[in-house]
Amino acid sequence: MRLPFLVLMPACLLLSFALVYQKTGFLQWSLVSMITVGAICAHIAVNMLNEYSDFHSGLDFKTKKTPFSGGSGALVVHPHTDKMVLFVALFNLFICCALGLSMAHMVGKELLIIGLIGVLIIITYTKWINRLPFLCLFSPGLAFGVLLVNGSYFVLTQSFEFDIFLVSLLPFFLVNNLLLLNQFPDVEADSAHGRKHLLIKYGFKFAAQVYFAFAILSFVTLIWLVAIGILPLVSTIGLLPILAAIAVGIKLIKSTTNSSILIDSAELLSLMGKNVAISIFTPVLIALSVTAFTMLM
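Below you will find a few notes about this structure. Here the structure is a predicted model, which is why all the values come from computation and not from measurement.

What counts as what
- Residues numbered from 1 in each chain as written.
- Predicted model: local features only at pLDDT ≥ 70, side-chain atom pairs only at ≥ 80, totals over all residues.
- Heavy atoms only, no water.
- Helix = DSSP H or I, 4+ residues; strand = E, 2+ residues; numbered from the N terminus.
- Rg over C-alpha atoms; globule rule 2.2 N^0.38 Å.
- Buried < 20%, exposed > 50% of the residue type's maximum accessible area, 1.4 Å probe, protein only.
- Contact = heavy atoms within 4.5 Å.
- Areas by Shrake-Rupley, 256 points an atom, 1.4 Å probe, with all protein chains shown as cover.
- Lys, Arg positive; Asp, Glu negative; His and termini not counted.
- Charge placed at Lys NZ, Arg CZ, Asp CG, Glu CD.
- Expected span 1.5 Å × (residues − 1).
- Salt bridge = Lys/Arg side-chain N within 4 Å of Asp/Glu carboxyl O.
- Core = buried A, V, L, I, M, F, W, Y, C linked by side-chain atoms within 4.5 Å.
- Polar contact = N/O pair within 3.5 Å; in protein donor to acceptor, adjacent residues only side chain to side chain.
- 1 Å grid on protein atoms, 1.4 Å probe; cavity = no way out; pocket = protein on both sides within 12 Å on 5 of 7 lines; lining within 4 Å.
- Points joined across faces, edges and corners; volume = space filled by probe spheres on them.
- Nonpolar A, V, L, I, M, F, W, Y, C, P; charged D, E, K, R; others polar.
- Axes fitted to C-alpha atoms, helices over the stretch in contact; angles between N-to-C directions.
- Parallel < 35°, antiparallel > 145°, perpendicular 65-115°, else oblique.
- Left-handed = near helix turned anticlockwise from the far one by under 90°.

Some words on the overall build of the chain
Helices and strands together make up the secondary structure of the chain, namely 12 helices and 0 strands. Reading the chain from its N end, one meets helices and strands in the order α-α-α-α-α-α-α-α-α-α-α-α. Computed over C-alpha atoms, the radius of gyration of the chain comes to 19 Å, within 12% of the 19 Å expected from 2.2 N^0.38 for 297 residues, which places it in the range of a compact globule. Across the 297 residues that make up the chain, the buried fraction comes to 54%. Considering only residue pairs separated by 6 or more positions, the chain has 76% of its internal contacts joining residues 24 or more positions apart. Summed over all atoms, the accessible surface of the chain reaches about 13,400 Å², with 73% contributed by carbon and sulfur. In the chain, the 16 positive side-chain charges and the 12 negative ones have mean positions that sit 5 Å from each other.

Structure representation (C-alpha cells):
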C-alpha cells in the first residue's frame, strides 16, 4: 500500500475542505468521511496495481529502491503474495467506485465524469500512461489536484466554480513535480522495460527545466490568487515551501545534462525528500490559513 505515501491524499483534500468551509461556514462530516475513505482507497489501488504490474514485468527487480521511489520491493521478497496484492488493489478500487457512485446519486451525476477519469488513470497509469511522456507528466497533478479538489468541492457544495479550479492548479503543479523528480533514479530500469516518460524521451535537463517551470507557475498562481482575492493574504505562507521548490529546480538545472545527472545519489535523495515535504506542506499551509482566516472573520 506504501502507507507513508498516502499522506499526500489528505493533504490535498484539506485544501478542498478549507475552501468549502470558506464558502459555506460548515462541513457535512458524513460526506467528508465518504470522500476521504474513497480517495484513500483510490490511492491504495493505484499503488498496489503499480506494485503488481512492476513485479510481473520484472521492473521491481532492477529499480534502485529509495524512501521515495522504486516501489516497496515487498513482492520481490514475498512473491507468493502477488494474487493477494491484486485482490486488495481491486477491492480498494471497488470501495472507491461504490462510494463514488453513492455520492453521485446523492449530489449529482456530474460527479461521474470526474470519477470515470480518475478510475481510468488508476487502471491505465502503470501499463499505458507511463509510455506517453506528457500524459504521464500531467496525470498525477490531474488526479490529486484538479479531479480531487474540484470533485470533493462539488460533493460538499453541489457546484463547480472557476475559482476552485484555479486553486486546484497549485497541487496540480506540485504533484506533477513530485512524480517527475521521483522518476530520476529509475530512468535506466524504466527505459529497459518499455516506459517512455518525460525523462526517457527528452532527457534530464529538459525534465529539470519542466520542474523549475512548474515551481514558478505554482509561485505565480498563489500570488495571483491572493491578489485577486480568491485566497486571503495570510495564504502567502504557502510561498515558503514553493520557494524551496524553486531552489530545488535551480539545483536540478545546474546539476543535469541531457543524458545524466551530475550529483550523487545522497544529494538527489535529499532533493527528493524536500520535494515530498513541499508537495504536502504547501496545500496544508494554505488550507490552515484559509480556515483560520474564515474563523476569524
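Here's the deal with helix 2 (residues 29-57)
Taking 1.5 Å as the rise per residue, helix 2 with 29 residues should run 42 Å; its terminal C-alpha atoms sit 42 Å apart, in good agreement. Taken across its 29 residues, helix 2 has 21 buried, putting it largely inside the fold. A positive phi of about 90° marks G58, the residue just after helix 2.

Some thoughts on the pattern of salt bridges
Applying the stated criterion to the full structure yields 6 salt bridges. Between E51 and R2 there is a salt bridge; the shortest N-O distance is 2.8 Å. Taken together, the positions of E51 in helix 2 and R2 in the segment before helix 1 (8-24) put the pair 49 residues apart, joining distant regions of the chain. We classify R2 as buried; its relative accessible area is 16%. Of the charged contacts, one joins D82 and K83 as a salt bridge, the two residues approaching to 3.5 Å between their closest N and O atoms. Taken together, the shared-partner salt bridges in this structure form one network comprising D54, D190 and R195.

With respect to the nonpolar core
Grouped together as the largest cluster of nonpolar side chains are 74 residues, with contacts concentrated most on L181 and L231. With 12 residues, the single largest contributor to this core is helix 7 (residues 162-182). Apart from the residues within four sequence positions on either side, L181 is in contact with Y211, V248, L252, L268, L271, M272 and N275. In terms of nonpolar packing, the next biggest core, distinct from the first, is built from 24 residues, I44, L49, C96 and C136 among them.

A short note on the side chain of H193
Position of H193 relative to the elements: it lies in the loop between helix 8 (187-192) and helix 9 (198-202). Of the polar contacts made by the side chain of H193, one reaches the backbone oxygen of A189; its length is 3.1 Å.

Concerning helix 10 (residues 204-227)
A rise of 1.5 Å per residue sets the reference length of helix 10, with its 24 residues, at 34 Å; its end C-alpha atoms lie 35 Å apart and thus fit the reference within 8%. Restricting attention to buried positions, one finds in helix 10 the residues F204, A207, A208, V210, Y211, F214, A215, S218, T221, L222, L225 and V226. As for helix 10, its buried residues are in contact with helix 6 (133-157), helix 7, helix 8, helix 9, helix 11 (239-254) and helix 12 (265-296). The positive-phi residue at the C-terminal boundary of helix 10 is G229, with phi of around 85°.

Description of the layout of surface pockets
Looking at the second largest pocket, its volume works out to about 420 Å³. Taken together, 20 residues make up the lining of the second largest pocket; nearest its centre are K64, F184, P185, D186 and L268. Elements with a contribution of two residues or more to the lining of the second largest pocket: helix 8 and helix 12. By residue number, the principal contributor to the lining of the second largest pocket is helix 12, which donates 4 residues. Its residues assigned to classes, the lining of the second largest pocket comprises 10 nonpolar, 4 polar and 6 charged.

Section: the packing of helix 1 against helix 6
Close contact between helix 1 and helix 6 brings their axes to 9 Å; oriented N to C, the two are set at 40°. Overall, the two elements helix 1 and helix 6 adopt an arrangement that is oblique. The handedness of the crossing between helix 1 and helix 6 comes out as right-handed. Note on element contacts: helix 6 touches helix 1 through F144, L148, V149, S152, Y153, L156 and T157, opposite L8, M9, C12, L13, S16, F17, L19, V20, K23 and T24.

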